[in-house]
Amino acid sequence: MADPPGCCSACATCLLCPYSCQWITAKKEKRKGLRTTKYDCSWFFFLFCVFLFTLVWLYFAIIILNDFHNFNEFIFRQRKLWLDWSLVLLIATAVLISYSSVLLVLALCLQLCGQPLKLHWVHKILLILTALVVAAAFTGLGIKWAEEWKSARISLQATGPFLHIGVVGGMTLLAWPLASFIYRTHSTGLRVFLLLVYCAAMIALYLAPLGITSPCIMEENQLPPKPALVGHRGAPMLAPENTLMSLHKAVECDVQVFETDVMVSADGVPFLMHDEELTRTTNVQAVFPERAALNSTAFNWTDLQQLDAGSWFLERRPFPTVQSLSPADRKEAAKQRIPSLEQALEAAKQSNISIMFDLRPENHSDYQNFVNVTLEVILQSGIPLQQVLWLPDGFREDVKQQAPGVQHIYGRKRLENEEEPGLHVNLPYQDMSSEEIRQYRQDNISVNLYVVNQPWLFSVLWCSGVSSVTTNACQVLKEMKHPIWLLPSSTYFMIWIVVDCVSFLIIIWAFVLMK
């Protein structure tokens, strides 16, 4: 390489110390004949790749926060340990991305100042460990939580236009150190190679919007109505799930449907409970320690009424919102008990909201009796049958005969040539594309997607035209009067052209200035 223009001794020392762990001045360095070798360049390339790798993982970490409560529940069922693992994920990710970012910035500054890129061996080991940790995280995600790859695809519809602007900006800033390196190196082949790679990357980025699609790129007058809200187990961020308090909090959030799970006690009383065991949402280990591991259906109604179904919510704080509860809400939460289906139906009838439920466990040997007992409670409750949304697939035809007014919700996509009028489907949000949602809407098929907690996801589904969403965060989505962003195609086209032109001019300026 040619001799660099260099920078002041103090700057060289400040940059070399954290990167190379060497307290030397630029003048001493030149006397020692230190230069950036091909080996050093390979480590810089590895550093750049690790930075991109951790940046992609940071994006994934933010995306999967929508579904992280499911992961917390999964860990509790496996280890009987409750912890908000999303905090662990975010802290670990922040440390990794900060470390690789600082090293990359130091390397770029050293290149601009004409200093050698002598990465210390400790940093090399830590970078390898960082790459291995992130690779392990992606592998675990692919094995245990593969549906999140679909979530990432949907997220690109919400973030694609802005990611494009960010990546173009980052690559544009990279023109300065790249120009500095190209003007210093004597290797013509390396110069040509780097220029070709950089130009190819920038051309691809400039044309990337041709492949970016988002349902929120539309005219204001084309925006579908706001999706109705379905309270997932009520309002679980504001009250203990599947309790009457949770139902009432959901009503305050303007939900139209209270979604819950029903089980039947040993003496034939349907009650609200999601888990097959009572350990997560009650104090069964303290009241019935020898029976705590039994299935919820093994307890009779008298036993179930002795359990506290609210204190766990205050102790474990399943959501950060628990900390902001008022003293009155805390007092009410501590008094919650397991409600029967009859109590829930009465509350839904008084609040004039619908109730949608699954009947669990579907593999129980006495499941047909569960269906009959549940239907009997519904018919005796006096609630208008059109307010009851039936999810279970088992013995559905019997239900249609005994309670013809009940609305049936199907956990599948429509069948080929299916012509059932007023079809309602209930699916994970990952299972339907924006194109399918639009088609179902045109065919007058009601689509409810679950579980939608983040505003960005709600915005994408709103623009797509979904009928309703099941959510834990009804208090957040209630306040949304408009999708997070909505751009007419002409406006997006103008932004695209302006960003690309400004980027191109800055790159030309960088190469001229550095020369």
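Thresholds applied
- Residues numbered from 1 in each chain as written.
- Predicted model: local features only at pLDDT ≥ 70, side-chain atom pairs only at ≥ 80, totals over all residues.
- Heavy atoms only, no water.
- Helix = DSSP H or I, 4+ residues; strand = E, 2+ residues; numbered from the N terminus.
- Buried < 20%, exposed > 50% of the residue type's maximum accessible area, 1.4 Å probe, protein only.
- Contact = heavy atoms within 4.5 Å.
- Lys, Arg positive; Asp, Glu negative; His and termini not counted.
- Charge placed at Lys NZ, Arg CZ, Asp CG, Glu CD.
- Pairing = 2+ DSSP bridges.
- Right-handed = clockwise from strand over helix to strand, strands pointing away.
- Phe/Tyr/Trp six-rings, centres within 6.5 Å; stacked < 30°, edge-to-face > 60°.
- Lys NZ or Arg CZ within 6 Å of the ring centre and 35° of its normal.
- Domains from an automatic or database assignment.
- Salt bridge = Lys/Arg side-chain N within 4 Å of Asp/Glu carboxyl O.
- Polar contact = N/O pair within 3.5 Å; in protein donor to acceptor, adjacent residues only side chain to side chain.
- Nonpolar A, V, L, I, M, F, W, Y, C, P; charged D, E, K, R; others polar.
- Patch = residues over 30% accessible without salt bridge, like charges linked within 9 Å, V, L, I, M, F, W, Y side chains within 5 Å.
- Areas by Shrake-Rupley, 256 points an atom, 1.4 Å probe, with all protein chains shown as cover.
- 1 Å grid on protein atoms, 1.4 Å probe; cavity = no way out; pocket = protein on both sides within 12 Å on 5 of 7 lines; lining within 4 Å.
- Points joined across faces, edges and corners; volume = space filled by probe spheres on them.

Our focus in this paragraph is the overall build of the protein. Across its full length, the protein carries 21 helices and nine strands. Principal axes of the C-alpha set define a box for the protein whose edges measure 90 × 55 × 40 Å. Expressed as a percentage of the 515 residues in the protein, the buried residues total 49%. Of all intrachain contacts in the protein linking residues separated by at least 6 positions in sequence, the fraction that spans at least 24 positions is 68%. If the 40 positive side-chain charges of the protein are averaged to one point and the 44 negative ones to another, these points end up 17 Å apart.

Further remarks concern the environment of Phe51. Tracing the sequence through the fold places Phe51 in helix H3 (residues 38-63). Sequence-wise, Phe51 and Ser98 are 47 residues apart; in three dimensions their C-alpha atoms are separated by 9.1 Å. Aside from chain neighbours lying at most four places away, what touches Phe51 is Ile97, Ser100, Ser101 and Leu104.

Judged from the two bridges that link them, strand E5 (residues 388-390) and strand E6 (residues 407-410) form a sheet pairing that is parallel. Opposite Trp390, over in E6, you have His408 as the bridge partner. Handedness of the crossover joining E5 and E6 through helix H17 (residues 396-402): right-handed. For E6 and strand E7 (residues 424-428), the ladder comprises two bridges, and the chain directions are parallel. Residue pairing in the sheet places Ile409 in a bridge with His424 of E7.

Turning next to the packing of aromatic side chains. Going through the model one piece at a time under the given rule, you end up with 20 aromatic pairs. One aromatic cluster in this structure is built from Phe53, Trp57, Phe60, Phe138 and Trp149. It is Arg280 that lies over the ring of Trp312; its NZ or CZ is 5.9 Å from the centre.

Quick look at the side chain of Thr374 now. Here Thr374 shows up in helix H16 (residues 367-381). The buried category is assigned to Thr374, whose relative accessible area is 0%.

We now examine the domain arrangement of the protein. One frequently used descriptor of interface size is the decrease in accessible area upon assembly of the parts. Partitioning the protein into domains gives domain 1 (7-25 + 35-145), domain 2 (146-214 + 487-514) and domain 3 (228-478). Put simply, the middle of domain 2 and the middle of domain 3, counted by C-alpha atoms, are 46 Å apart. Connecting domain 2 to domain 3 are one salt bridge. Between Asp431 and Lys150 there is a salt bridge, with the nearest N and O atoms lying 3.7 Å from each other. Applying the counting criterion to the domain 2 and domain 3 interface returns three residue pairs in polar contact (both at pLDDT 80 or more). Its residues assigned to classes, the side of domain 2 that touches domain 3 comprises two nonpolar, three polar and four charged.

Let's shift gears to the side chain of His123. Secondary-structure assignment places His123 in helix H6 (residues 121-144). We classify His123 as buried; its relative accessible area is 12%. At 2.8 Å, the side chain of His123 forms a polar contact with the side chain of Tyr99. Contacts of His123, omitting those with residues within four sequence positions, involve Pro18, Tyr19, Tyr99 and Leu103.

So, about a nonpolar patch on the surface. A cluster of nonpolar residues, Trp121, Val122, Ile125, Leu126, Ile128, Leu129 and Leu132, forms a patch on the protein surface that exposes about 640 Å² of accessible area. Its location among the elements puts Ile128 in helix H6.

This part is about empty space enclosed by the protein. Taken as a whole, this structure holds three cavities of 30 Å³ or more when the rule is applied. Considering only enclosed or pocket space, the second largest cavity measures out at about 60 Å³ in volume. For the second largest cavity, the full set of lining residues is Glu241, Asn242, Thr243, Leu272, Met273, His274, Thr281, Ala309, Ile338 and Pro339. The residue inventory of the lining of the second largest cavity, partitioned by class, reads five nonpolar, four polar and one charged.

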